[in-house]
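What follows is the residue order along each chain.
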Amino acid sequence: MSLCSSQTRMFADAVLAAYRGRRQMPPLTQAEPTFAVADGEKVGHEVARRRVAAGERIIGRKIGFTNRTIWAEYGVFSPIWGPVYDSTFHDVDGPAEAAIGHLVEPRIEPEIVLGFKAPVTADMDERAILGAVGWVAHGFEIVQSLYPGWVFQGADCQAAFGLHGALFCGPRTAVAGDAESWMAALTGFAITLFRNGERVDRGIAANVLDGPLSAVRHLAGVLAADPQATPIAAGEIITTGTVTRAFPIAPGESWSTEVEGLDVKPMSLSFV
């Protein structure tokens, strides 16, 4: 289907009512079986416009489902994206606490976060994209599902702000010096994830569409094909997708990481 403006507004109403009510809703693809990714993009843009009108500010984007090892688990076989807002972004340095009671079925994702000092366009390759990166950090994205049981299609995710709930970004490491070393690090790192001190998973850079720079390259192409989207701009913060599987989280748990092969600090986050 191709949504008309009234349908777009109706679906945006439903998404925002669920989000603000801290409750779940049936997938949009269940209500309208022909609802496609392009329709989800329209709804997502309308939702973003309303959140900005209500006072939130978009500071970057998240890319989701870049980890091909989890596609079959969720039945989503291509990446999605959504805005990151000033209200959902948190800089942290060292162990921190986070409240998650406002999120529905939250899950944790260890990711690599990039800060851009120059724009990125769809014609740029990974090496050119690296030249636009000002800093790199490790972070936890907390994702949520407005759809019960994490059952949905990609179009549903796109409509519901890419499942984004919060982003906790660790200390930033400036990208400077030998480009070859950075290229190798950003395609060769590994992250091990722990819950309450016990190892639960380990992931490698290649899981994320072959590395964070490749994930950004993919996003740049998607944005160029979306008439309502804007290209990646200088100053944007982009989190590039979970390196491990995503895991449910609950108050009282502490989650941490170890990072190999990339000059970023590990993360440690406790939920309340």
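Shown above is the structure to which this text applies.
Computed from a predicted model, the values in this text were never measured in an experiment. (Residues numbered from 1 in each chain as written. Predicted model: local features only at pLDDT ≥ 70, side-chain atom pairs only at ≥ 80, totals over all residues. Heavy atoms only, no water.)

Enquirer: Mind showing me how you'd approach the overall build of the protein chain here?
Expert: Of regular secondary structure, the protein chain possesses eight helices and 14 strands. Taking 2.2 N^0.38 as the reference for a compact globule, 272 residues should give roughly 19 Å; the C-alpha atoms of the protein chain span a radius of gyration of 18 Å, in line with that estimate. In terms of overall dimensions, the protein chain has a C-alpha envelope of 50 × 45 × 35 Å along the principal axes. When the 272 residues of the protein chain are sorted by exposure, 56% land in the buried category. Taking the contacts inside the protein chain whose residues are at least 6 apart along the sequence as the reference set, 77% of them involve residues at least 24 apart. Counting 22 positive and 30 negative side-chain charges, the protein chain places the averaged centre of each group 4 Å from the other. (Helix = DSSP H or I, 4+ residues; strand = E, 2+ residues; numbered from the N terminus. Rg over C-alpha atoms; globule rule 2.2 N^0.38 Å. Buried < 20%, exposed > 50% of the residue type's maximum accessible area, 1.4 Å probe, protein only. Contact = heavy atoms within 4.5 Å. Lys, Arg positive; Asp, Glu negative; His and termini not counted. Charge placed at Lys NZ, Arg CZ, Asp CG, Glu CD.)

Enquirer: I would appreciate a short explanation of the sheet that holds strand β13 (residues 254–260) in the present structure.
Expert: What links the strands of a sheet is backbone hydrogen bonding, and the strands pair in either a parallel or an antiparallel sense. Spatially, β4-β14-β13-β9-β10 is the arrangement adopted by the five strands of the open sheet, whose pairing is mixed. Whereas interior strands pair on both sides, the edge strands pair on one side only; in this sheet they are β4 (96–98) and β10 (198–204). The mean inter-strand angle of the sheet, taken between neighbouring strand axes irrespective of direction, is 25°. Pairing between strand β9 (residues 190–195) and β10: six bridges, direction antiparallel. If you follow Leu193 over to β10, its bridge partner there is Asp201. (Pairing = 2+ DSSP bridges. Axes fitted to C-alpha atoms, helices over the stretch in contact; angles between N-to-C directions.)

Enquirer: Can you help me understand the nonpolar core in this one?
Expert: Within soluble globular proteins, side chains that are nonpolar tend to cluster in buried spots. Judged by nonpolar contacts, the single largest core of 65 residues is most densely connected at Phe65, Phe116 and Leu262. The element contributing the most residues to this core is helix α8 (residues 212–225), with six residues. Ignoring anything within four residues of it in the chain, the contact list for Phe65 reads Ile70, Trp71, Tyr74, Val76, Ser78, Pro79, Ile80, Phe152, Cys157 and Leu163. Counting residues in each nonpolar core, the second largest holds 18 residues, with Ile100, Ile108, Trp255 and Met267 among its members. (Core = buried A, V, L, I, M, F, W, Y, C linked by side-chain atoms within 4.5 Å.)

Enquirer: Sorry, what's going on with the environment of Glu260 here?
Expert: Along the chain, the position of Glu260 falls in strand β13. Here Glu260 is in contact with Phe189, Ala190, Thr192 and Arg202, once residues within four sequence places are set aside.

Enquirer: I would appreciate a short explanation of the pairing of strand β5 (residues 107–116) in the present structure.
Expert: Working note: regular strand, side chains alternate between the two faces of the sheet. Across the 10 residues of β5, 10 count as buried, placing the element largely inside the fold. Of the two faces of β5, the one holding Arg107, Glu109, Glu111, Val113 and Gly115 and the one holding Ile108, Pro110, Ile112, Leu114 and Phe116 are both buried throughout. The pairing of β5 with strand β6 (residues 133–143) spans 10 bridges and is antiparallel. Its bridge partner being in β6, Arg107 is matched across the sheet by Val143. With two bridges joining them, β5 and strand β12 (residues 247–248) adopt antiparallel strand pairing. By the bridge assignment for β12, Ile108 is matched with Phe247. As paired elements, β5 and strand β11 (residues 237–239) share three bridges and run antiparallel to each other. Residue pairing for β11: Gly115 is matched across the bridge by Ile237.

Enquirer: Is there a simple way to explain the environment of Asp39 in this structure?
Expert: For Asp39, the position within the fold is in helix α3 (residues 37–53). Given a relative accessible area of 1%, Asp39 falls into the buried group. Reaching out from Asp39, the side chain makes a polar contact with the backbone nitrogen of Leu3 at a distance of 3.2 Å. (Polar contact = N/O pair within 3.5 Å; in protein donor to acceptor, adjacent residues only side chain to side chain.)

Enquirer: Before we go on, may I ask you to explain the pattern of salt bridges in this structure?
Expert: Once the charged atoms of two side chains with opposite charge are near each other, the side chains can pair. Within this structure, the stated rule accounts for 13 salt bridges. We note a salt bridge from Arg50 to Asp13, for which the minimum N-O separation is 2.5 Å. Of this pair, Arg50 sits in helix α3 while Asp13 sits in helix α1 (residues 5–21), and the two are 37 residues apart along the sequence. Of the charged contacts, one joins Asp210 and Arg68 as a salt bridge, the two residues approaching to 2.7 Å between their closest N and O atoms. In this pair, Asp210 sits in the loop between β10 and α8 while Arg68 sits in the loop between β1 (58–64) and α4 (71–74), placing the two residues 142 residues apart along the sequence. Ionic contacts of the salt-bridge type, sharing partners, join the residues Asp13, Glu46, Arg49 and Arg50 into one network. (Salt bridge = Lys/Arg side-chain N within 4 Å of Asp/Glu carboxyl O.)

Enquirer: Sorry if this is basic, but what is going on with the environment of Gly252 here?
Expert: Within the secondary structure, Gly252 is located in the loop between β12 and β13. According to the relative accessible area criterion, Gly252 is exposed, its value standing at 63%. Those residues in contact with Gly252 that sit more than four places away from it in its chain are Asn196 and Phe271.

Any link to function would need more than the numbers given here.
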